Amino acid sequence: MNNYQDLQIVIIGDGIAGYTAARQLRLLAPEVPVTLIGAEKAQPYSACALPDYLGGYLSKENIFLPPFRGLEGIKIWKGIAAEGFDPKDQRVSVGGQWLPYDKLILATGSEALVPPVPGTRLAGNFTLKTLADVEAILAWEGKSAVVVGSGAIGVETSIALRERGIEVTLIELLERILPTAFDLEASRLFQKEIEKRGIKVLVGEKVVEVEGKDRVTGVKTSQGLITCDMVIWAAGVRPNTALAQDASLEIGQFRGIKVNKEMATSVSNIYACGDCVETWDRILKRPGLSLLWASAKEQAAVVAHNCLGTAPCEYPGSLGVLIVEAGDVTAVSAGFTEAALKDIGEITISTDTNNKGYTKLITKDGRILGVQFVGSLQGAGAVLAWMQKGTTLSAAREVLTNPIYLKGAPWYYQAARFVS
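Thresholds, definitions, all that
Residues numbered from 1 in each chain as written. Predicted model: local features only at pLDDT ≥ 70, side-chain atom pairs only at ≥ 80, totals over all residues. Heavy atoms only, no water. Helix = DSSP H or I, 4+ residues; strand = E, 2+ residues; numbered from the N terminus. Rg over C-alpha atoms; globule rule 2.2 N^0.38 Å. Buried < 20%, exposed > 50% of the residue type's maximum accessible area, 1.4 Å probe, protein only. Contact = heavy atoms within 4.5 Å. Areas by Shrake-Rupley, 256 points an atom, 1.4 Å probe, with all protein chains shown as cover. Lys, Arg positive; Asp, Glu negative; His and termini not counted. Charge placed at Lys NZ, Arg CZ, Asp CG, Glu CD. 1 Å grid on protein atoms, 1.4 Å probe; cavity = no way out; pocket = protein on both sides within 12 Å on 5 of 7 lines; lining within 4 Å. Points joined across faces, edges and corners; volume = space filled by probe spheres on them. Nonpolar A, V, L, I, M, F, W, Y, C, P; charged D, E, K, R; others polar. Core = buried A, V, L, I, M, F, W, Y, C linked by side-chain atoms within 4.5 Å. Patch = residues over 30% accessible without salt bridge, like charges linked within 9 Å, V, L, I, M, F, W, Y side chains within 5 Å. Salt bridge = Lys/Arg side-chain N within 4 Å of Asp/Glu carboxyl O. Expected span 1.5 Å × (residues − 1).

A. Layout of the overall build of the protein. Helix and strand content of the protein: 10 helices and 26 strands. The C-alpha radius of gyration of the protein comes to 23 Å, within 12% of the 22 Å expected for a compact globule of 420 residues. Projected onto its principal axes, the C-alpha coordinates of the protein cover approximately 70 × 65 × 40 Å. Scored against the burial criterion, the 420 residues of the protein give a buried share of 50%. Contacts spanning at least 24 positions in sequence make up 61% of the contacts within the protein whose residues lie at least 6 apart. For the protein, the exposed area adds up to about 19800 Å²; of that, 50% sits on carbon and sulfur atoms. Mean positive and mean negative side-chain charge positions of the protein (42 and 45 charges, respectively) differ by 2 Å.

B. Here's a closer look at the layout of surface pockets. The calculated volume of the second largest pocket comes to roughly 230 Å³. Lining the second largest pocket are Ile16, Thr20, Arg23, Gln24, Leu65, Pro66, Pro67, Phe68, Arg69, Trp293, Lys297 and Ala301. Those elements giving two or more residues to the lining of the second largest pocket turn out to be α1 (16–28) and α7 (293–308). Here the lining of the second largest pocket gets four residues from one element, more than from any other, and that element is α1. When its residues are assigned to classes, the lining of the second largest pocket shows seven nonpolar, two polar and three charged.

C. Structural context of the nonpolar core. Among the nonpolar cores identified, the biggest contains 54 residues, and Phe85, Val92 and Leu106 are the most heavily contacted of them. At seven residues, the largest contribution of residues to this core is made by α7. Setting aside its immediate chain neighbours within four residues, valine 92 contacts Val10, Ile12, Ile37, Ala82, Gly84, Phe85, Gln97, Trp98, Leu99, Tyr101 and Leu104. Counting 39 residues, the second-largest nonpolar core is a separate cluster that includes Leu128, Leu131, Val147 and Val168.

D. Just a nonpolar patch on the surface, in detail. A cluster of nonpolar side chains, Val237, Phe254, Leu289 and Leu291, forms an exposed patch at the surface whose accessible area comes to about 270 Å². Within the secondary structure, leucine 291 sits in the loop between β21 (287–288) and α7. According to the relative accessible area criterion, leucine 291 is partly exposed, its value standing at 30%.

E. Spotlight on α7. Over its 16 residues, α7 runs 23 Å from end to end, which matches the ideal 22 Å to within 8%, given 1.5 Å per residue. Considered for burial, the residues of α7 that qualify are Ser295, Ala296, Gln299, Ala300, Val302, Val303, Ala304, His305, Asn306, Cys307 and Leu308. In the core, the buried residues of α7 are packed alongside β1 (9–12), α1, β7 (103–106), β19 (270–272) and β20 (277–280). Just downstream of α7, glycine 309 is the residue with a positive phi angle, here 75°.

F. Summary view of the pattern of salt bridges. A complete count under the given rule lists 14 salt bridges for this structure. The partner of glutamate 163 in a salt bridge is arginine 197, with the nearest N and O atoms 3.4 Å apart. Residue glutamate 163 is located in helix α4 (residues 152–163), and its partner arginine 197 is located in the loop between α5 (184–196) and β12 (200–203); the two are separated by 34 residues in the primary sequence. Since its relative accessible area comes to 30%, arginine 197 is described here as partly exposed. As a salt-bridge pair, arginine 286 and aspartate 343 come within 3.4 Å of each other at their nearest N and O atoms. One end of the pair, arginine 286, is in the loop between β20 and β21; the other, aspartate 343, is in the loop between β23 (329–335) and β24 (348–354), and 57 residues separate them in sequence. Here the residues in one salt-bridge network are Asp183, Glu338 and Lys360, joined through shared partners.

G. Up close: α1. Taking 1.5 Å of rise per residue, 13 residues should cover 18 Å, and α1 covers 18 Å from first to last C-alpha, within 8% of that figure. Counting buried positions over the 13 residues of α1 gives 10, a clear majority of the element. Taken residue by residue, α1 has Ile16, Ala17, Gly18, Tyr19, Thr20, Ala21, Ala22, Gln24, Leu25 and Arg26 as its buried positions. Taken together, the buried residues of α1 touch β1, β2 (34–38), β3 (75–78), β7 and α7.

H. A look at the side chain of serine 295. Looking at the element boundaries, serine 295 is found in helix α7. Once you skip the residues sitting within four places of it in the chain, serine 295 turns out to touch Ser290, Tyr315 and Ser318.

Listed below in structure tokens is the structure:
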């Protein structure tokens with residue numbers, strides 16, 4: 001048995017990636033000294049549940065995660081941010097002191113992006129990234145809001161605010177909402193569901209200024225003026241790489257910390273996981289970002305194994321999956337949109353529209369590159385599993401037509417329509 005008592009491991013970041021790495025380290029090597037540094041004072045919570053708290057679907061108490069088991073003995077510094085780290089002397093600056101490390105794990109997450117638009121510093125401008133953001137919005141007690149950006153956060157925030165009785169206008173610069181997840185037809189179908197809830201949706205429109213003297217009174221766009229008393233910026237997030245850049249770690253083309261398949265950075269003894277990293281897509285094997293809860297957990301587990309060196313493992317890459325809801329209508333997207341695949345040559349598009357919903361399947365040489373559901377989710381689980389495993393349509397068809405194979409995977413029946 002290896003003795004890890006002299007191996008000092010420091011984790012910067014107290015999101016799901018940081019806590020998962022800490023817990024996995026404790027499970028693999030109970031004796032290893034681990035210190036976790038987190039800037040937020042709040043106990044761990046689900047960032048995915050913040051719109052539900054904003055909308056009143058969940059109480060504040062219900063967004064907190066159950067206590068992480070297996071963290072006994074880990075030193076957790078809450079409400080204090082790491083100021084930097086020195087790769088040469090292998091030490092972290094925190095709270096006015098230097099903390100030595102043998103292995104460092106960066107799980108610094110991401111930060112909300114606010115475009116350089118005049119007026120964004122006025123009172124009444126908000127983002128929705130942390131628990132403190134939600135509480136600031138609730139304390140403002142606004143009556144009318146403009147939500148800028150129609151990704152998942154923008155859509156979910158708009159629905160949550162409307163549930164609170166606030167008048168909401170959702171603005172998207174591109175021609176459709178959820179533009180990175182859905183192509184035009186699926187996007188417009190889901191937009192109708194949002195509009196049924198009393199949300200005004202404007203696409204192809206650009207915010208050029210936030211108006212007001214001391215506080216927000218309106219938003220000026222490329223098409224006119226919208227009166228409001230609050231603005232929620234949901235224009236995207238970016239990896240939080242400030243500490244990594246200060247220490248001269250290599251940054252990737254998408255501005256995340258560059259890592260290899262073992263989640264090791266360009267500097268020895270430093271690993272990274274979660275929203276702050278640039279990894280690669282599981283389907284097309286090309287670099288990209290995956291700012292998803294599931295990706296962070298999977299990457300953190302890989303980091304823990306490789307920090308200890310007992311059973312080195314590789315991260316297989318990310319699969320982007322988005323799930324959004326408007327009332328009883330759910331939309332799911334996985335992989336790539338047709339618009340995002342213009343540079344890979346000929347692809348095959350299959351669509352199906354009926355009274356239950358809409359489905360779009362995008363394939364190339366029998367491999368599923370993307371799928372979009374609005375309404376009926378029949379077969380979604382099976383298709384997502386095929387994408388995760390790299391199963392081709394011909395391989396799925398072979399299972400469906402062979403009673404022996406099908407007996408071991410009866411859930412293939414759910415997606416039989418995709419292989420016809």
